[in-house]
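# Fold and contact review
The residues making up each chain are set out below.
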Amino acid sequence: MVSYKLTYFDGRGAGEICRQIFAFAEKKYEDNRLSDEEWAKFKATGKAPYNQLPLLEVDGKPLAQSHAMARYLAREFGINGKTHWEEAQVNSLADQFKDYYSEARPYLAVKLGYTEGDADELYKTVYLPAFKKHYGFLSNALKASGKGFMVGDSLTWIDLLVAQHSADLLAREGEGLFKDVPEMKTHSQDIQAIPQIKKWIEKRPVSDW
Ligand SMILES: N[C@@H](CCC(=O)N[C@@H](CS)C(=O)NCC(=O)O)C(=O)O
C-alpha cells in the first residue's frame, strides 16, 4: 500500500486542498502539522525541496508545490477531469486562481495579520476589483458546465479548492460579497455538503486560516 504523508502548518492554507482530496477519495494519510519551531528544525534538514510547506511524501519521496501535489493526487484518485481536455480546463482555472490570489495578496496579507496596512482601503482598491474580475471568470466556467461543477459533469479538485476559498470568504467577509455571483455561494455550499467533505470539515482541527 502506498504511504502518504502531508506536512504543513496547523491551518488550512495551502495544505487544505490535499487534505480534502484525501478526504473525498477516503484515502489514509498522515496529516503532519508543524508548529513554527518544528518547521525551523524541519527546514534545516533540507527535506523540503523549495524550503517551503506544504510537502507531500509518497512512499518517502518528497513533492512540493500545493497545486502540483493536488494534481498528482487528483490524478491518482480520479478527480483531475475525465478527459485530457477537462484536465487542461481544470489546470487553466487553477492557474487563473493563482493569479487571483497574487492580485488579492496585499489585502489578504493585512487582513490575516501578516503585514501592516489599511485593510479597509485595500479592500476597496485592491480586493474588490480582484474578486469581481476573477469570480466572474469562475462563475463563467460554472455556468458553462451547467452541472454544478467548475468543469464537466463531476467533481474535480478545482471544485474543492474554490469551494473552500469561497467558504472562507463567506465566513470572513460576509454574504454581501457574493451578491453578483450567488451561484458561486451555492457552488461552495453544495461541494462542502458532499458527504466525505462534510465529514472532514466536521472533524478537522479548527483554525483561523
Ligand atoms: N507556491 C507554494 C507556496 C508555499 C508557501 O508560500 N508556503 C508558506 C506557507 S503557506 C511557507 O512555507 N512559509 C514558511 C517559510 O517560507 O518559511 C505552494 O503553493 O505550495
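It should be emphasised that the depicted structure is a prediction, and the values quoted were computed from it without experimental measurement.

Moving on: the overall build of the protein. When helices and strands are tallied, the protein shows 8 helices and 4 strands. Mapped from its N terminus to its C terminus, the protein presents α and β elements in the order β-α-β-α-β-β-α-α-α-α-α-α. Over its C-alpha atoms the protein spans a radius of gyration of 17 Å, differing by no more than 12% from the 17 Å that the globule rule assigns to 209 residues. Overall size of the protein, expressed as C-alpha extent along the three principal axes, is 45 × 45 × 30 Å. Counting the 209 residues in the protein, one finds 45% classified as buried. Long-range pairs, those at least 24 residues apart, make up 66% of the contacts in the protein with a sequence separation of at least 6.

Once the domains are mapped, the protein shows domain 1 (4-78) and domain 2 (84-193). The centre of domain 1, based on its C-alpha atoms, is set 22 Å off from the matching centre of domain 2. Taken together, the 12 residues of domain 1 in the interface contact 12 residues of domain 2. Between domain 1 and domain 2, a total of about 1100 Å² is buried, with carbon and sulfur atoms accounting for 57% of that surface. It is Gln20, His67 and Arg71 in domain 1 that bury the most area against domain 2; as a group they hold 46% of the surface buried on that side. Linking domain 1 with domain 2 are 3 salt bridges.

Extensive coverage of strand β1 (residues 4-9) is indicated by the burial of 5 of its 6 residues. Of the strand pairs in this sheet, β1 and strand β3 (residues 55-58) are connected by 4 bridges, and their pairing is antiparallel. Each bridged residue has a counterpart across the sheet, and for lysine 5 the counterpart in β3 is glutamate 57. Summarising the sheet, β1 and strand β2 (residues 30-34) pair through 5 bridges and their orientation is parallel. If you follow lysine 5 over to β2, its bridge partner there is glutamate 30. In this fold, β1 hands off to helix α1 (residues 16-25), which returns the chain to β2; that crossover is right-handed.

Scoring rules and cut-offs
- Residues numbered from 1 in each chain as written.
- Predicted model: local features only at pLDDT ≥ 70, side-chain atom pairs only at ≥ 80, totals over all residues.
- Heavy atoms only, no water.
- Helix = DSSP H or I, 4+ residues; strand = E, 2+ residues; numbered from the N terminus.
- Rg over C-alpha atoms; globule rule 2.2 N^0.38 Å.
- Buried < 20%, exposed > 50% of the residue type's maximum accessible area, 1.4 Å probe, protein only.
- Contact = heavy atoms within 4.5 Å.
- Domains from an automatic or database assignment.
- Buried area = accessible area lost by both parts, 1.4 Å probe.
- Salt bridge = Lys/Arg side-chain N within 4 Å of Asp/Glu carboxyl O.
- Pairing = 2+ DSSP bridges.
- Right-handed = clockwise from strand over helix to strand, strands pointing away.

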